[in-house]
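# Observations on the model geometry
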Amino acid sequence: MKTIAHILIVIGLLGCGQGESKLNDQTHSQDSALHKTEIVRHSTDDLVPTLNLPEGFRLDTIQTNDTARNLSIFISIPVSGIKLLDKVVFDEIEKQKDDFTRSLDEMIKEDKGILSSINSGFQAEPVSVYKDSKVTSILYIISYYHGGAAHPMTMYYSFNFDSKTQKRISFSDYFIVKNSADTAFMTDLITEAVGREGVFVSGLKDIDFNIEQDTISFNFDDYEIASYAEGIMQGRIQRQMLKDKVKITYR
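My aim in this report is to walk through the structure given alongside it, one point at a time. (Residues numbered from 1 in each chain as written. Predicted model: local features only at pLDDT ≥ 70, side-chain atom pairs only at ≥ 80, totals over all residues. Heavy atoms only, no water.)

Attention now moves to the sheet that holds strand β5 (residues 135-145). For sheets, the rule is that strands pair by backbone hydrogen bonds, running either parallel or antiparallel. Taken in spatial order, the five strands make up an open sheet running β2-β3-β4-β5-β6, and their pairing is mixed. Two strands in the sheet have a free side with no partner beyond their single neighbour: β2 (58-66) and β6 (153-162). On average, adjacent strands in this sheet sit at an angle of 15° to one another, irrespective of strand direction. Where strand β3 (residues 71-79) lies against strand β4 (residues 120-131), five bridges are found, and the strand directions are parallel. Looking at β4, one finds that Ser 72 is bridged to Gly 121. (Pairing = 2+ DSSP bridges. Helix = DSSP H or I, 4+ residues; strand = E, 2+ residues; numbered from the N terminus. Axes fitted to C-alpha atoms, helices over the stretch in contact; angles between N-to-C directions.)

Have a look at this one:
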């Protein structure tokens, strides 16, 4: 499971930025019929699109200004009313925030000038919330920035649950990948869906994914499969195209 602490180690404490969005509570239809089979390419122009919430969900927000650390925090949590599910999401986002705060404290110890530079920031917002009779899927964009760092860092973070048991679903719980041919089929399809020249998906290990009404999105952070300049990326594929690679329980 990826964490901010892990990414900080990999890329050397580069930090992340903040964006603003409007989040609207709207009900959308569930279990809709699938009509298209083509690959859907996601536009990255708007990193945090308007959010549609399934029936029964509400959005809670936490906004604080930590003056001691010169740190702004903004967190949104989609609350379902299912205690186990809501606790997993809240606890994990809190962990991400705490990991960032600890890394910021270490940097402040080394350089007090951070406290007088541009504000540090941590922001976590859901960008997709989907629920049907089989799965509940929530996708976050988490952004963080250490004051004085070269640039912000941004990552996707998904939560996928079995709607009946509320158990969290991993990649291997949801998909059928038995051999190298299955891996090649999926990586080729995801690469095509990402649709960036010179960008290739070479493996499925630890890949982040979320489920949407008609699509499955495979999500890539800053630096994960391309340079920072490419930004965060998604390869969104119609669910029908991956039907044979999804376990029967979740088809």
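Look at any regular strand and the pattern is simple: side chains alternate between the two faces of the sheet. Side chains Asp 208 and Asn 210 of strand β7 (residues 208-211) all project onto a buried face; the interleaved residues Phe 209 and Ile 211 project onto the opposite face, where all are buried too. Relative to strand β8 (residues 215-220), β7 is paired through four bridges, and the arrangement is antiparallel. Bridge pairing links Asp 208 to Asn 219 in β8. What sits between β7 and β8 in their antiparallel hairpin is a turn of three residues. (Buried < 20%, exposed > 50% of the residue type's maximum accessible area, 1.4 Å probe, protein only.)

Let us look at the nonpolar core. The biggest cluster of nonpolar side chains holds 29 residues, and the ones touching the most others in it are Val 89, Ile 93, Phe 122, Tyr 140, Ile 142 and Phe 159. Ranked by the residues each element gives to this core, the list is headed by helix α2 (residues 83-110), at seven residues. Of all hydrophobic cores here, the second largest spans 26 residues; its members include Val 135, Ala 193, Ile 211 and Met 233. (Core = buried A, V, L, I, M, F, W, Y, C linked by side-chain atoms within 4.5 Å.)

What follows covers helix α4 (residues 180-194). Note that an α-helix has 3.6 residues per turn; residues three or four places apart therefore point the same way. The first and last C-alpha atoms of α4 sit 21 Å apart over 15 residues, in line with the 21 Å expected at 1.5 Å per residue. By the burial criterion, the buried members of α4 are Asp 182, Met 186, Thr 187, Leu 189, Ile 190, Thr 191, Ala 193 and Val 194. Structurally, the start of α4 carries an N-cap: the backbone nitrogen of Ala 181 is 3.1 Å from a side-chain oxygen of Asn 179. Positive phi shows up at Gly 195, right after α4, with a value of about 65°. (Expected span 1.5 Å × (residues − 1). Polar contact = N/O pair within 3.5 Å; in protein donor to acceptor, adjacent residues only side chain to side chain.)

Read these as spatial facts, not as claims about activity.
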